[in-house]
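# Analysis of the macromolecular model
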Amino acid sequence: MFATQDTILKLLTLCALAHSITALALQEKAEKAGPDPSHKYLIVRGESPSGASGSQEHVEFDNAATLLLRAFRNQQIPASKDLEECSAPSHKATFSGYDYVILLGMLIISLGIGIFYGFFQKGGSNSSNEFLLGSEMNIFPVTLSLTTSFITAIELLGNPSEMYFQGTQFVLIVIPMVLVIPVAVKIFYPIYFKMELTSCYEYLGIRFGKEIRILGAVLYVIQMCFYTAVAVLAPAIALSKATGLDTKIAVILIYVVCVFYSSQGGMKAVVIADSFQAAVLAVSLVLIVGLGSFYSGNPIQVFQTAAEHNRLEFFNMDPSPTTRHTVWSVVIGGFFYWTSLFCTNQASVQKCMSLKSLRLAKIALGFAIIGLIAVFLLNFYTGLMVFAHYADCDPLTAGRISATDQLLPYYVINTYEHIYSVAGIFVAGIFAASLGTVASALNSLSAVTCEDLLVNGMNIKISPEKGATYAKWMSLGFGIASFGLVFIVEHLGGVLQATLTLNGLIGGVTLGLFVLGIACKQANTKGAFYGGLLSLALVIFVGVVAQIVSVEQPALPTSIDNCDCHVNLTNIIGNLLTEPVEIIEEGGFTSWPIFRLSYMWYSMIGCLLTVFLGWLISLIIDFVQRRNVLKITGKGIDNPAVSEEIFKSDSQVQYTTTSCVTTTTAVDPDPRETSSGEGHVNHAIRIDDE
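Please read all numbers here as calculations on a predicted model, not as lab measurements. (Residues numbered from 1 in each chain as written. Predicted model: local features only at pLDDT ≥ 70, side-chain atom pairs only at ≥ 80, totals over all residues. Heavy atoms only, no water.)

## A look at unusual backbone geometry
Positive phi outside glycine occurs at Asn-310, with the angle close to 60 degrees. As for its position among the elements, Asn-310 is in the loop between helix H11 (299-308) and helix H12 (327-343). Overall, the relative accessible area of 60% leaves Asn-310 in the exposed class. (Helix = DSSP H or I, 4+ residues; strand = E, 2+ residues; numbered from the N terminus. Buried < 20%, exposed > 50% of the residue type's maximum accessible area, 1.4 Å probe, protein only.)

The following block contains the structure:
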């Protein structure tokens, strides 16, 4: 009976919504064309305050909606005696004592690793190189640490909800991970190892000059400070809503543990702790999938349910770049995104540089990517498994949860409530992902600050003995700063997605600077500097405007037909009828297609734009400099400031040749035979060629 009433109510609601939209469209058309007395139209929602609100049609619609809601409330009264409200359950699953013991145990072990490497390991972190690079670490822990560096808690909670609400097109993101391997091991890492870098931005300094190295370092600092804050806050909010765990407690625990063992133990503590946390994460993922085979269906049933509800999609070949996920956007855009993470992100480069040789770094990177693919595929399958469990009673529509990223925590806490410690292991895995992300970021930030900003940028001489102390204080300072940003970001709800988009945009620009230096021999310092800044300004402008005018992607259909609780549709329908209609203006620059691009293209746009503008500006600057040299050497005819007597005399003329690394002064006996020379010599390419 209730299913029939729900169906009728849905149909009436759809009619009302269609009626409202039609009325608004007619109103806009009438305002442009002028009033037409022969055509009478209705205005139900979003109407102007004068005139239309008193129309007979409006009054009749309000009366009909009121009667409809009143009748539906009357029908709900007897039902509420037998079934509880879905949005207000009488019993809510929470953390048990066993769960807290497991979570605290994981945190205490992570702290113990920092204490051991910070205070008991002989010669553990007495120099800056030892503290930041770990001094020739073993391949196995570095591989596990690399894997956890790319797995954030945002992805662990977001990927399953993506499969649940949008389908499986995003699964193809694992393909560009494989494509990045040859690029990393053949192009980027051979350069880093032959130059024996501590910070990957040292390459930018050698290739272009001090200014570009500082630019890359500053971009990385801004990117990672905001990203770590969001990477901790987003899962903490989701866990608090689904499990009852207080958000502030979760954030404080993560930062206290991370700041301590990363600032005291250095790279060795980070890598060993990441290895332990990778084991915890793997256990939690495998446990959830294993239990799901019994409680939610085996793989055959899961994929069959997903296929019946149109969740399986792998070959969306839509060529439009505005489509959120297609084969092109996920594979091509994902390739640039993963390249920026694997090849030009200090957190990953620093761990590879801690190994003994380039050969070991290549092996570690390859196995890390394989592990990353395995984790992502398990995570994607978890989303389909959760959908099979809630195929006939969507918890979001029913009011059990209030956001999509709460889906997986709600599933684990409620489905496995009767199994002790499962919820604790799951939350420990989420915490492990956050710990790995933040600890790696803090250690890399301290390396970038010491090497690129203090020593290179501010010319502060730091001895190797004092370098470790500086790095420890830097790690502590960045941890406190990131912790403070969490509570700022918390009050700016819309900034979460904008910050993640900003992370991709900055990563694309940074990748573009590296590609410009490696691939374009004509590129010079000014071209890279101005091209990078201009590209950064353009892509951030596009990204911010796109976030402001973006329309949320509609989810695939869900069902509440077989819920074991009473879905209160009265409030849902009431909200639909009273919700104001937002009229989007089609005019203006915000309607341009570039602002509706899929977010998957942002890294590619930032990279290619930086390369193109940097190369173009470099050519223009080189042309202008060559023209000025010709004017000076042309007997001063085009330059009155140069006297012809200089060329008639035997005196030597001094001239300067600008280099991207150093500025040198040479002496030439015959200025007529001088030229601008070859310009900057790409030392990195020469080293690689050797």
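## A closer look at the state of the cysteines
Within the structure shown, the criterion is met by one disulfide. A sulfur-sulfur distance of 2.0 Å marks the disulfide that ties Cys-393 to Cys-563. Taking the sign of the torsion about the S-S bond as the criterion, the disulfide between Cys-393 and Cys-563, at about 105 degrees, is right-handed. In this pair, Cys-393 is assigned in the loop between helix H14 (358-389) and helix H15 (395-398) and Cys-563 in the loop between helix H20 (525-549) and helix H21 (569-578), connecting sequence segments 170 residues apart. Assessed through its relative accessible area of 14%, Cys-563 is described here as buried. The closest cysteine sulfur to the non-disulfide-bonded Cys-343 is located on Cys-352, 9.2 Å from its own sulfur. (Disulfide = S-S within 2.5 Å.)

## A closer look at the environment of Val-327
Residue position: Val-327 is located in helix H12. Along the primary structure Val-327 and Phe-314 are separated by 13 residues, whereas in three dimensions their C-alpha atoms are 7.5 Å apart.

## So, the packing of helix H7 (residues 174-195) against H12
H12 packs onto H7 with a crossing angle of 35 degrees between their chain directions and a minimal axis gap of 9 Å. Where H7 crosses over H12, the handedness of that crossing is right-handed. Residues Ile-175, Pro-176, Met-177, Leu-179, Val-180, Val-183, Ala-184, Phe-188, Tyr-189 and Tyr-192 of H7 pack against Val-330, Val-331, Gly-334, Phe-335, Trp-338, Thr-339, Phe-342 and Cys-343 of H12. (Axes fitted to C-alpha atoms, helices over the stretch in contact; angles between N-to-C directions. Left-handed = near helix turned anticlockwise from the far one by under 90°. Contact = heavy atoms within 4.5 Å.)

## Regarding the packing of H14 against helix H16 (residues 407-415)
It is the contact of H14 with H16, at a shortest axis distance of 11 Å, that shows an interaxial angle of 60 degrees. Between H14 and H16, the crossing angle belongs to the class labelled oblique. Between H14 and H16 the crossing geometry is left-handed. Mapping the contact onto sequence places Thr-382, Met-385, Val-386 and His-389 in H14 and Leu-407, Leu-408, Tyr-411 and Thr-415 in H16. Among the residues forming the contact of H14 with H16, the class breakdown is five nonpolar, three polar and no charged. (Parallel < 35°, antiparallel > 145°, perpendicular 65-115°, else oblique. Nonpolar A, V, L, I, M, F, W, Y, C, P; charged D, E, K, R; others polar.)

## Overview of the nonpolar core
Most often, soluble globular proteins have nonpolar side chains that are buried together. Ranked by internal contacts, the top residues of the largest apolar core, which has 155 residues, are Trp-338 and Phe-431. Residues within four places of Trp-338 in sequence aside, it is in contact with Phe-150, Ile-173, Pro-176, Met-177, Val-180, Leu-372 and Phe-376. Formed by seven residues, the second largest nonpolar core is a distinct cluster that contains Cys-393, Ala-398, Ile-560 and Cys-563. (Core = buried A, V, L, I, M, F, W, Y, C linked by side-chain atoms within 4.5 Å.)

## Topic: H12
If you check H12, its first and last C-alpha atoms are 23 Å apart, about what 17 residues at 1.5 Å a residue would give, namely 24 Å. The largest bend along H12 measures about 30 degrees and falls at Gly-334. Burial analysis of H12 places 13 of its 17 residues in the buried class, which makes it a mostly covered element. (Expected span 1.5 Å × (residues − 1). Bend = angle between axes of the 7 residues up to and from the residue.)

## Topic: the packing of aromatic side chains
Per the counting criterion, the structure on display carries 23 aromatic pairs. Look at Tyr-337 and Trp-338: their rings are 5.3 Å apart centre to centre, the planes differ by 70 degrees, and that puts the pair in the edge-to-face class. Judged by relative accessible area, which is 22%, Tyr-337 ranks as partly exposed. For Trp-338, a relative accessible area of 1% puts it in the buried group. Judged by centre distance (5.9 Å) and plane angle (80 degrees), the ring pair of Phe-376 and Phe-380 falls under edge-to-face. Of this pair, Phe-376 and Phe-380 are both found in helix H14, four residues apart, which corresponds to roughly one turn of the helix. Each member of the pair, Phe-376 together with Phe-380, is buried. (Phe/Tyr/Trp six-rings, centres within 6.5 Å; stacked < 30°, edge-to-face > 60°.)

## Quick look at helix H6 (residues 153-166)
For an α-helix the count is 3.6 residues per turn, leaving residues at separations of three or four pointing the same way. For H6, built from 14 residues, the straight-helix expectation of 20 Å at 1.5 Å per residue is met to within 8% by its first-to-last C-alpha distance of 19 Å. When you tally the buried positions in H6, you get twelve out of 14 residues, the bulk of the element. Trailing H6 by a residue or two, Gly-167 shows a phi angle of about 100 degrees, which is positive.

## As for the side chain of Thr-326
Topologically, Thr-326 is positioned in the loop between H11 and H12. Take Thr-326: its relative accessible area is 2%, and that puts it in the buried class. Among residues more than four places away in sequence, those in contact with Thr-326 are Gln-169, Asn-316 and Asp-318.

## Considering the environment of Ser-535
Of note, Ser-535 is situated in helix H20. According to the relative accessible area criterion, Ser-535 is buried, its value standing at 0%. For the pair Ser-535 and Leu-613, spaced 78 residues apart in sequence, the C-alpha to C-alpha distance is 7.3 Å. In this structure Ser-535 touches Val-509, Leu-609, Thr-610 and Leu-613, once residues within four positions along its chain are discounted. Side-chain polar atoms of Ser-535 contact the backbone nitrogen of Thr-610, separated by 3.3 Å. (Polar contact = N/O pair within 3.5 Å; in protein donor to acceptor, adjacent residues only side chain to side chain.)

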